[in-house]
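The chain contents come next:
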Amino acid sequence: MKDELENTSGIPIKPAYTAEDAGRAGAGDPGEPGRFPFTRGVYETMYRGRLWTMRQYAGFGTAEDTNRRFRFLLESGQTGLSVAFDLPTQMGMDSDHAMAGGEVGRVGVAIDTVDDLGILFDGIDLGRVSTSMTINATAAILLAMYVALADERGISRDSLAGTVQNDILKEFVARGTYIFPVEPSLRLVTDIFDFCAGELPRWNSISISGYHMREAGCTAVQEIAFTLANGLEYVERAIGRGLDVEDFAPRLSFFFASHNDLFEEVAKFRAARRLWATLMRERYGASDRACLLRFHTQTGGSTLAAQQPLNNVVRVTVQALAAALGGTQSLHTNAYDEALALPTADSAKLALRTQQILANESGATSTADPLAGSYYVEALTAQLEERARGYLREVADRGGAARSISYIVDEIQRAAYAYQLQVERGDRVVVGVNEYREEEAEPRIEQPAFPELERRQQARLDRIRAERSAKDVDRILTQLSKAASGSQNLLPHIVEAVKLRATLGEISDALREIWGEYRAAS
């Protein structure tokens with residue numbers, strides 16, 4: 001065993017911890033679950049009152065393909081839906097766009113019109129299921145389609161529950177599926193806040209995401225800091241729009257990764273919850289309800305190894321346990337074969353069963369925040385919070401998250417490079433990758449017939465365009481462009497457009513004409 005150890009955030013880890021260590025780190029009384037600043041959880045009894053939502057992320061091929069997987073997961077005991085969209089959908093391109101060739105349905109489901117969404121949710125009651133949609137640049141369009149579908153099915157908007165990710169800042173930093181420049185992109189974010197506050201009382205208007213920054217290589221400390229920095233930017237924009245913090249803040253939600261260092265991850269969740277509540281109270285005088293950091297967790301995609309993929313079952317279990325011990329509100333567990341291809345039905349079910357076993361057999365849900373009072377966990381929580389505050393001060397000095405994109409990108413890239421060097425030197429062991437390696441047979445990977453499903457999707461798009469009123473579509477798209485030139489909320493116009501069967505690409509193009517596109521600094 002090494003004499004000196006650091007966790008992934010560069011915090012030195014002592015061989016043993018005492019009360020003195022916790023006190024030196026600034027770890028005071030962690031308080032009670034369900035009480036400000038919510039270090040120990042957002043509810044008094046946590047999972048004894050209600051388990052986290054088991055929300056397995058799924059989406060591939062056509063709407064029919066994904067609907068079958070949704071039904072399979074719901075029948076297996078999943079308690080919420082989470083939709084993955086293909087890259088053309090995320091980038092505002094229809095499936096017959098020249099640049100969509102070869103990408104239709106590959107990393108998520110292809111959605112061109114509200115009819116596709118209707119097929120995706122065929123046989124699923126939108127008034128009874130909670131749906132999360134991982135979509136950002138085109139979030140307003142997918143949310144409008146969901147609302148339009150509910151309207152057409154006679155389902156009250158008051159009953160719709162779920163989340164639209166709608167976190168465009170992390171796209172500029174980590175993922176790259178942006179379309180419009182920063183300012184109009186942020187306008188769309190606040191349009192969704194405003195619309196949801198008035199029309200969708202049970203809907204989370206944003207999922208402020210540290211997950212993708214962690215996948216890009218940031219540390220746990222950076223994940224806390226940059227996620228909360230983006231959250232504060234959205235709060236400032238909404239207040240500048242004239243919205244009351246008490247009206248929109250209770251519907252903000254967050255999305256974190258869970259990686260392999262069990263105790264660092266638990267401490268990360270606790271620190272993030274406490275820091276957000278403290279900042280919201282200090283800066284905006286927010287009520288307890290508006291200070292809550294409620295979050296979804298997904299186990300680490302970047303931690304999955306293609307070598308010896310069955311080892312990933314253990315990694316995912318440790319990560320899911322960290323999320324449960326850290327107080328998550330919903331959870332996705334990755335399938336062990338996702339480093340190789342889309343998960344099979346069997347591997348997806350095993351990932352769900354992992355959650356169900358943790359929830360029902362591990363004892364982790366018996367009491368709220370069971371690691372509270374651990375000298376190590378309390379010290380680590382305080383250290384992570386303090387280091388995150390340092391990054392937040394740097395972002396504030398630069399004028400906020402929207403003006404700190406290049407800084408955040410640079411910090412994440414440095415952290416990713418440092419970690420990769422540690423793995424390549426063998427300073428960090430990754431089982432089956434740089435230690436305990438074996439000769440392996442070439443894995444057998446099954447993939448959908450993507451060229452055929454792309455043709456089917458394009459044929460359906462052609463049929464919808466032929467059957468709709470082109471005159472009505474032209475009228476509403478002209479109206480949308482005019483509204484985009486002003487300051488009114490665009491969501492009502494987009495809802496009308498999708499009801500008239502305007503496509504996702506056409507709506508995106510109408511906005512592109514007014515706003516242009518974002519070009520990353522080279």
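In what follows, the structure referred to is the one given above.
An account of the accompanying structure is given in this report. (Residues numbered from 1 in each chain as written. Predicted model: local features only at pLDDT ≥ 70, side-chain atom pairs only at ≥ 80, totals over all residues. Heavy atoms only, no water.)

Regarding the environment of Gln 298
And then number 1: Relative to the elements of secondary structure, Gln 298 occurs in strand S10 (residues 295-299).
And then number 2: Assessed through its relative accessible area of 9%, Gln 298 is described here as buried.
And then number 3: Taking the C-alpha atoms as reference points, Gln 298 and Leu 331, 33 residues apart in sequence, are found 5.8 Å from one another.
And then number 4: Excluding its chain neighbours within four sequence positions, the residues that come into contact with Gln 298 are Tyr 57, Tyr 211, Phe 255, Phe 256, Ala 257, Ser 258, His 332 and Asn 334. (Helix = DSSP H or I, 4+ residues; strand = E, 2+ residues; numbered from the N terminus. Buried < 20%, exposed > 50% of the residue type's maximum accessible area, 1.4 Å probe, protein only. Contact = heavy atoms within 4.5 Å.)

Notes on the environment of Arg 512
And then number 1: Secondary-structure assignment places Arg 512 in helix H20 (residues 504-515).
And then number 2: Between the C-alpha atoms of Arg 512 and Ala 484, which are 28 residues apart in sequence, the distance is 9.8 Å.
And then number 3: Once residues within four sequence positions are removed from consideration, Arg 512 is found in contact with Met 91, Gly 92, Met 93, Ile 179, Phe 180, Gly 505 and Glu 517.
And then number 4: There is a polar contact of 2.7 Å between the side chain of Arg 512 and the backbone oxygen of Met 91. (Polar contact = N/O pair within 3.5 Å; in protein donor to acceptor, adjacent residues only side chain to side chain.)

What to know about helix H18 (residues 470-485)
And then number 1: With 16 residues, H18 extends 23 Å between its outermost C-alpha atoms, agreeing within 8% with the 22 Å of an ideal straight helix rising 1.5 Å per residue.
And then number 2: Turning to H18, its buried residues number three or more, namely Val 473, Ile 476, Leu 477, Leu 480, Ser 481, Ala 483 and Ala 484. The arc that holds every buried residue of H18, seen down its axis, measures 160 degrees, which confines them to one face. In H18, the exposed positions that point more than 90 degrees away from the buried face belong to Lys 471, Thr 478, Lys 482 and Ser 485.
And then number 3: Among the structural elements, helix H7 (182-199), helix H19 (491-499) and H20 are those in contact with the buried residues of H18. (Expected span 1.5 Å × (residues − 1). Arc of directions from axis to C-beta.)

Considering the pattern of salt bridges
And then number 1: Summed over all chains, the structure comprises 42 salt bridges.
And then number 2: Here Asp 151 ties to Lys 499 by a salt bridge, and the two come within 2.9 Å at their closest N and O atoms. You can see Asp 151 sitting in helix H5 (residues 139-152) and its partner Lys 499 sitting in helix H19, a full 348 residues away along the chain.
And then number 3: On the accessibility criterion, Asp 151 (25% relative accessible area) is partly exposed.
And then number 4: We note a salt bridge from Glu 152 to Arg 501, for which the minimum N-O separation is 2.8 Å. Residue Glu 152 is found in helix H5, and its partner Arg 501 is found in the loop between H19 and H20; the two are separated by 349 residues along the sequence.
And then number 5: Taking the relative accessible area as the measure of exposure, Glu 152 reaches 41% and is therefore partly exposed.
And then number 6: Linked by salt bridges that have partners in common, Asp 94, Asp 96, Arg 465, Arg 468 and Glu 506 make up one network. (Salt bridge = Lys/Arg side-chain N within 4 Å of Asp/Glu carboxyl O.)

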